[in-house]
Amino acid sequence: MLHHLAQATGGEAFFPRESSDVVTICKRIARDIRSQYTIGYVSSNVKQDGVHRTVRVAAQAPDHGKLSVRTRPGYTR
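**Structural notes on the side chain of Asp32**
- Relative to the assigned elements, Asp32 resides in helix α2 (residues 21-34).
- A residue is classified by how much of its surface remains accessible, and Asp32, at 19% relative accessible area, is buried.

Structure below.
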């Protein structure tokens, strides 16, 4: 259930096998928080018809290697 909730909201779920894994996970979360950005989006489709709309976000930056993007898979309006 936690994995499903994380996927639906653009988050990430962690399942440490040992208590020592928690420190590594916390360091990863802290690193992610320090390097995250927030963007906004306003659809040009103003219909409020309850249809799920897919959103795709891609990022690239010269000389920065592979970038990672986490988003919700879409929205319903």
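**Details of unusual backbone geometry**
- The residue Asp63 is not glycine, and still its phi comes out positive at about 65 degrees.
- Along the polypeptide, Asp63 turns up in the loop between β1 (52-54) and β2 (74-76).

**Quick notes on the pattern of salt bridges**
- If you walk through the whole model with that rule in mind, you get five salt bridges.
- When the shortest N-O distance is used, the salt bridge between Arg28 and Glu12 registers 2.6 Å. Here Arg28 is found in helix α2, whereas its partner Glu12 is found in the loop between α1 (2-9) and α2, with 16 residues between them in sequence.
- Residue Arg53 is joined to Asp49 by a salt bridge in which the shortest nitrogen-to-oxygen separation is 3.1 Å.
- Judged by its relative accessible area of 13%, Arg53 is buried.

**As for the confidence of the model for the protein**
- Overall, the prediction assigns the protein a mean pLDDT of 88, with 100% of residues at 70 or greater.
- The lowest-confidence element of the protein is β2, averaging 87 in pLDDT; the highest-confidence one is α2, averaging 93.

Definitions and cut-offs
Residues numbered from 1 in each chain as written. Predicted model: local features only at pLDDT ≥ 70, side-chain atom pairs only at ≥ 80, totals over all residues. Heavy atoms only, no water. Helix = DSSP H or I, 4+ residues; strand = E, 2+ residues; numbered from the N terminus. Buried < 20%, exposed > 50% of the residue type's maximum accessible area, 1.4 Å probe, protein only. Salt bridge = Lys/Arg side-chain N within 4 Å of Asp/Glu carboxyl O. pLDDT = per-residue confidence, 0-100.

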